[in-house]
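# Breakdown of the fold
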Amino acid sequence: MILNMELDPDLMYDDYDDDLMQYLDGDDYNPDLEDLLAAYHHGYDLPQHYERVSVVQLYQDCIVPTLTQAVQNIVSLFIMCLVFRLVCVFGSVASPQTGLPPWFLHVSSAMFGIMVLHNFFKISLLYLVACCGLTYILLTALSVRWRHLSGIVIAASITVFIIVCELIVVHNTTWHMIRGAQMILSMKIISLAFDFGSGAVMDLPNIFEYLGYCLNVGTVIFGPWISYKEYIGLLQPNRLYFSLGWMLKLIRSSVSSLLCLIVSTCVVQWLILGDTYKWLRAYGDAQSFRFSHYFVSFLSESTAVLSGIGIKDDNGNISWDLKVSRPHHIEIPRSLVEVVTNWNLPMHYWLKTYVFKSARPLGTFVAILFTYAFSALLHGLNFQLAAVLFSLGFYSYVEYVLRNKLSTTFSACIQAKHCPGDCEHTYHYWHPAVLIVNVCFGMLTVFHLAYLGLMFDSSSQQEQGYTMLHTLDKWAKLDYASHWVVLGTFIFHLLI
């Protein structure tokens, strides 16, 4: 590992030998031994000394092994995506007599998807296949007389499926492993059900189209979520070709993904040592987690583009413009609202379209809480994720209403979102006071992100999901400072 801890166990415990023997014999023991035993009783780590290794050691002991393992794990996925792309391209350019039928392309999408699912999850892929099968049967039954209820019924059914699997059927470690793929699959099925119920998708897809969409090889593991229309669009003849833009987008996303992995795994821990100031450690843990998310986001761009997804046709001008995340809007944020929006662009659109708008009649604040609650459910029934997402929802709402009120009061461009260029505010972005206020809110956002993200560490609990005690202990070490600040912000909003 990249950190050296210089501890000599013999020297560490020699000083306590005599005192420990006195304690075991029933005699009194000194305060140092008492502190040591108390620390052990409460599970605290002994004092550790960290030293920063050289750049050469960092490269040899962390960067090279990390890249090697990552490439070994994803190379098979890339190959399957490319093979599917080749099947689609050469199948479309064949003559009408020998061309591949559409159903074969959909079956290819599903079969390659199942192959990569088996490569990543082995027999656990059956839970995902079962979810596909059960929801299609239900969707077919609803199409007979209750088509307009398809979205609500399918969403409720998947909710029950997730709860039963996580709490009763599936082992915690297994569910934690497949929950990302289950989340993408759930989003696809629910969006298709709502689109079918509203008429946006005219006809119920046949079983080949349905499985090809749900188990599409380019999105089945890491995402991103794509709509059913986007999936059908990738099989259109005018989109089935290779181009320089396609290749450049693939290279850019793949390289960005690996760079983010290196930063998350090696660079952050090398720059911010474990014995530094607690808030700086919190920022380092949170930043490491954020860059691991960017790694997955750019990787999902790569697999999607490699399989033919992400093309943009602007009046004949073809470009590859798929974006899953915008790290620069998160690392240098204007507001928490901007962070939430740019964290996962496809998922943000999905939540806004299929969850927030459905709950909007209940009121904006209720709709926001319901949206974050459903997002927490999709991510898994985990207290840590739920606590972070609900906190983030409340934080974003408080910031949004406060900045809107301040913007109206002072007629300044200090809202949570960027004002349009022709806004009617008196004081615009370039005004010194406006710049100072926006920078202060941006720094406050960085503070909140460090607080909310610090518990996503690499402890042994990660494989099964973090517990409530883990989350509360992490926040308690920072005196719940972020929650107190938001509470104070909300009270200030009510008073002005």
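Our structure is the block above this text.
Summary of the structure given here. Since we're looking at a predicted model, the values are computed, not measured. (Residues numbered from 1 in each chain as written. Predicted model: local features only at pLDDT ≥ 70, side-chain atom pairs only at ≥ 80, totals over all residues. Heavy atoms only, no water.)

### Observations regarding the packing of aromatic side chains
- Enumeration over the complete set of coordinates arrives at 20 aromatic pairs.
- Relative to Tyr210, the ring of Tyr136 has its centre 4.7 Å away and its plane inclined at 45°; by these criteria the two rings are tilted. Placement of Tyr136 in helix 5 (residues 125-145) and of Tyr210 in helix 8 (residues 207-214) is noted, with a sequence separation of 74 residues between them. The same class applies to Tyr136 and to Tyr210, which are both buried.
- What links up through ring pairs into an aromatic cluster is the set Phe194, Trp225, Tyr349, Trp350, Tyr354 and Phe374.
- Geometry around Phe196 places Arg147 over its ring, the cationic atom sitting 4.0 Å from the centre.
- Looking at Arg403, its charged tip hangs above the ring of Phe441, at a distance of 4.3 Å from the centre. (Phe/Tyr/Trp six-rings, centres within 6.5 Å; stacked < 30°, edge-to-face > 60°. Helix = DSSP H or I, 4+ residues; strand = E, 2+ residues; numbered from the N terminus. Buried < 20%, exposed > 50% of the residue type's maximum accessible area, 1.4 Å probe, protein only. Lys NZ or Arg CZ within 6 Å of the ring centre and 35° of its normal.)

### Quick word on helix 5
- Spanning 21 residues, helix 5 covers 32 Å between terminal C-alpha atoms, matching the ideal 30 Å at 1.5 Å per step.
- By the burial criterion, the buried members of helix 5 are Leu125, Leu128, Cys131, Cys132, Thr135, Tyr136, Leu139 and Leu142. Buried positions in helix 5, seen along its axis, are confined to an arc of 130° and lie on one side of it. Exposed residues on helix 5 whose side chains face more than 90 degrees from its buried face are Leu134, Ile137, Val144 and Arg145. (Expected span 1.5 Å × (residues − 1). Arc of directions from axis to C-beta.)

### Details of the environment of Ile158
- Checked against the element boundaries, Ile158 lands in helix 6 (residues 150-169).
- With 27 residues separating them along the chain, Ile158 and Cys131 place their C-alpha atoms 7.8 Å apart.

### Considering the packing of helix 14 (residues 345-359) against helix 15 (residues 364-379)
- At a closest axis distance of 9 Å, the pairing of helix 14 and helix 15 adopts a crossing angle of 130°. By the angle class used here, helix 14 and helix 15 are oblique. Judged by the twist between their axes, the crossing of helix 14 over helix 15 is right-handed. Of the residues in helix 15, those in contact with Met347, Trp350, Leu351, Val355, Phe356 and Ala359 of helix 14 are Thr364, Ala367, Ile368, Phe370, Thr371, Phe374, Ser375, Leu378 and His379.
- For the contact of helix 14 with helix 15, the class distribution of residues is 11 nonpolar, 4 polar and no charged. (Axes fitted to C-alpha atoms, helices over the stretch in contact; angles between N-to-C directions. Parallel < 35°, antiparallel > 145°, perpendicular 65-115°, else oblique. Left-handed = near helix turned anticlockwise from the far one by under 90°. Contact = heavy atoms within 4.5 Å. Nonpolar A, V, L, I, M, F, W, Y, C, P; charged D, E, K, R; others polar.)

### Topic: the state of the cysteines
- Evaluated as defined, the whole model comprises 1 disulfide.
- Each disulfide pairs two cysteine sulfurs, and for Cys62 the partner residue is Cys266, the sulfurs being separated by 1.9 Å. With the S-S dihedral at roughly -90°, the linkage between Cys62 and Cys266 falls on the left-handed side. Placement of Cys62 in helix 3 (residues 55-93) and of Cys266 in helix 10 (residues 244-271) is noted, with a sequence separation of 204 residues between them. (Disulfide = S-S within 2.5 Å.)

### Quick notes on a nonpolar patch on the surface
- There is a patch of nonpolar side chains on the surface, built from Val160, Ile163, Val164, Leu167, Ile168, Val169 and Leu381 and spanning about 610 Å² of accessible area.
- Mapping Leu167 onto the fold places it in helix 6. (Patch = residues over 30% accessible without salt bridge, like charges linked within 9 Å, V, L, I, M, F, W, Y side chains within 5 Å. Areas by Shrake-Rupley, 256 points an atom, 1.4 Å probe, with all protein chains shown as cover. Salt bridge = Lys/Arg side-chain N within 4 Å of Asp/Glu carboxyl O.)

### Section: helix 4 (residues 102-121)
- With 20 residues, helix 4 should reach 28 Å at 1.5 Å per residue; the first-to-last C-alpha distance of 28 Å fits that figure.
- Buried within helix 4 we find Leu105, His106, Ser108, Ser109, Ala110, Phe112, Gly113, Val116, Leu117 and Phe121.
- Phi turns positive one or two residues past the end of helix 4, at Lys122, with a value near 55°.

### Thoughts on unusual backbone geometry
- With an omega of 5°, the peptide bond running from Gly223 to Pro224 counts as cis.
- For Lys122, which is not glycine, the phi dihedral falls at a positive 55°.
- Position of Lys122 relative to the elements: it lies in the loop between helix 4 and helix 5.
- Of note, Ser411 is a non-glycine position whose phi angle comes to about 50°, a positive value.
- Summarising the element assignment, Ser411 is placed in the loop between helix 16 (383-410) and helix 17 (432-453).

Function cannot be read off these values alone, since they describe shape.
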